[in-house]
Amino acid sequence: MVAVTRSPVAIWVFDFDGTLSEIVADREAAVLHPDCRELLVELTADDTNTVAIISSRSLEDLRRRVPLPRIILGGSSGLEWRMPDGTVLSPPAAMGERLEQSRNRLARALKPLQRVPGLEIEDKKWSLAIHFRHVDPSAHEEIFAILERVATTPGIKMHRGPRVVEVQALLGMDKSTGLQRLIRATRGTSAGARIVYAGDDENDATAIRWTLSQGGMGFIVGDSIQVSGATRVPDPPSLAAAIRSVLLEKASVR
């Protein structure tokens, strides 16, 4: 007798900061919003769902902030994925050499930012996050002028978010690419499943657009980005409520 495995009805993919967690002054203090935590528990309780969280944070950082079972975690914008059984999908080894060369160019290009009071540069290995939430607004013009020059550096890609600019060290390594790596990695269980993606910044926008192109659903949290066809909600608890509405619709058609 051949066992039949049901394909998941949906693949739910969420950004972390600003989507499942409120944006906070101290990024180290970011935690799952209680409503979103409950939502993740509900989603993973249904074995027809595949649930993943993708972040520009490192995989280890993300793992500490999402201590829940049955969730796939994606660090470095999905370059690294950790499956619920502990298996880690790492980027190809050849990317390491390219990364080192790019990081050296990036360090030189960003050096002028070190003199800006209050500005923080967070090293995420595959990207750098430029946090200016503690910078005097009078210095913003100087910051963006420098970043515009950085954007012309070969092999560099930048994404804006709420009070932060993320600089990708390698082209083509955004969350759209990371999401597609996840779909390929879960092909055996995700064939035919509908993708639902939620995020809040320009990096997420790349994944939302790809999701919509595949017939999926996209949610934008906050007002930092515009993506035609996506549903906008104001904050993480509103996202949890909106996803629950989708779950009710899903239950009604079973």
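The rules behind the values
Numbering of residues begins from 1 in every chain and follows the order in which that chain's sequence is written. Residue-level local features of this predicted model are given only where pLDDT is at least 70; pairs of side-chain atoms are given and counted only at 80 or more, and the full residue set underlies all totals for whole chains, interfaces and linings. Side-chain numbers come from the whole structure's heavy atoms, not from hydrogens or water. For this analysis, a ring pair means two rings from Phe, Tyr or Trp (six-membered ring only for Trp) whose centres lie within 6.5 Å, classed as stacked if their planes differ by under 30 degrees, edge-to-face if by over 60, and tilted for the remaining angles. Counting from the N terminus, the helices are the DSSP runs of H or I reaching at least four residues and the strands are the DSSP runs of E reaching at least two. The cut-offs for exposure are 20% and 50% of the maximum accessible area for each residue type, with area from a 1.4 Å probe on protein chains only; residues under the lower value are buried, those over the upper are exposed, and the others partly exposed. Two strands pair under a simple rule: DSSP has to find at least two bridges between them. Fitted lines through C-alpha atoms give the axes, limited to the stretch in contact for helices. The angle between two N-to-C directions lies from 0 to 180 degrees. Between two residues, a contact is recorded if the distance between any of their heavy atoms is within 4.5 Å. For classification purposes, angles smaller than 35 degrees are called roughly parallel, those larger than 145 roughly antiparallel, those between 65 and 115 roughly perpendicular, and all remaining angles oblique. Here a crossing is called left-handed whenever its near helix is offset anticlockwise from the far helix by less than a right angle, and right-handed whenever the offset is clockwise. Only Asp, Glu, Lys and Arg are considered charged in this grouping, and only Ala, Val, Leu, Ile, Met, Phe, Trp, Tyr, Cys and Pro are considered nonpolar; every other residue, Gly among them, is considered polar.

(A) Layout of the packing of aromatic side chains. With the rule as written, the count across this model stands at one aromatic pair. Taking 5.4 Å as the distance between ring centres and 80° as the angle between the ring planes, the aromatic pair formed by phenylalanine 132 and phenylalanine 144 counts as edge-to-face. A residue pair is termed long-range when its members are at least 10 positions apart, and phenylalanine 132 in the loop between strand 7 (127-131) and helix 4 (140-150) and phenylalanine 144 in helix 4 qualify at twelve residues. Residue phenylalanine 132 shares its accessibility class with phenylalanine 144, and that shared class is buried.

(B) How the structure looks around the sheet that holds strand 8 (residues 157-161). Judged by pairing direction, the sheet is antiparallel, and its four strands sit side by side in the order 6-7-9-8 without closing on themselves. Of all strands in the sheet, those bounded by a partner on one side alone are strand 6 (120-123) and strand 8. Across this sheet, the average inter-strand angle for adjacent strands is 20°, counted without regard to direction. Direction of pairing for strand 7 relative to strand 9 (residues 164-168): antiparallel, over a ladder of five bridges. When the bridges of strand 9 are listed, isoleucine 130 appears paired with valine 165. Packed onto the sheet, helix 4 meets strand 7, strand 8 and strand 9 and runs at close to 150° relative to strand 8.

(C) Inspection of the side chain of glutamate 122 at higher detail. Mapping glutamate 122 onto the fold places it in strand 6. Judged by its relative accessible area of 12%, glutamate 122 falls in the buried class. Other than its neighbours up to four places away in sequence, glutamate 122 contacts Arg27, Ser127, Leu128, Ala129 and His131.

(D) Examining the environment of arginine 115 more closely. You can see arginine 115 is positioned in the loop between helix 3 (95-110) and strand 6. Other than its neighbours up to four places away in sequence, arginine 115 contacts Glu142 and Ile146.

(E) Layout of the packing of helix 3 against helix 4. Here helix 3 crosses helix 4 at 150°, and the two axes come no closer than 10 Å. Relative to helix 4, helix 3 is oriented roughly antiparallel. Considering how the two elements wind past one another, helix 3 and helix 4 form a crossing that is right-handed. Judged by residue contacts, Leu106, Ala109 and Leu110 of helix 3 engage Ile146, Leu147 and Val150 from helix 4. A class-by-class count of the residues in the contact of helix 3 with helix 4 yields six nonpolar, no polar and no charged.

(F) Spotlight on the packing of helix 5 (residues 175-185) against helix 7 (residues 202-213). At their nearest, the axes of helix 5 and helix 7 sit 7 Å apart, and the two run at 50° to each other. Taken together, the axes of helix 5 and helix 7 lie oblique to each other. Of the residues in helix 7, those in contact with Lys175, Ser176, Leu179, Gln180 and Ile183 of helix 5 are Asn203, Asp204, Thr206, Ala207, Trp210 and Thr211. Looking at side-chain class alone, the contact of helix 5 with helix 7 contains four nonpolar, five polar and two charged residues.

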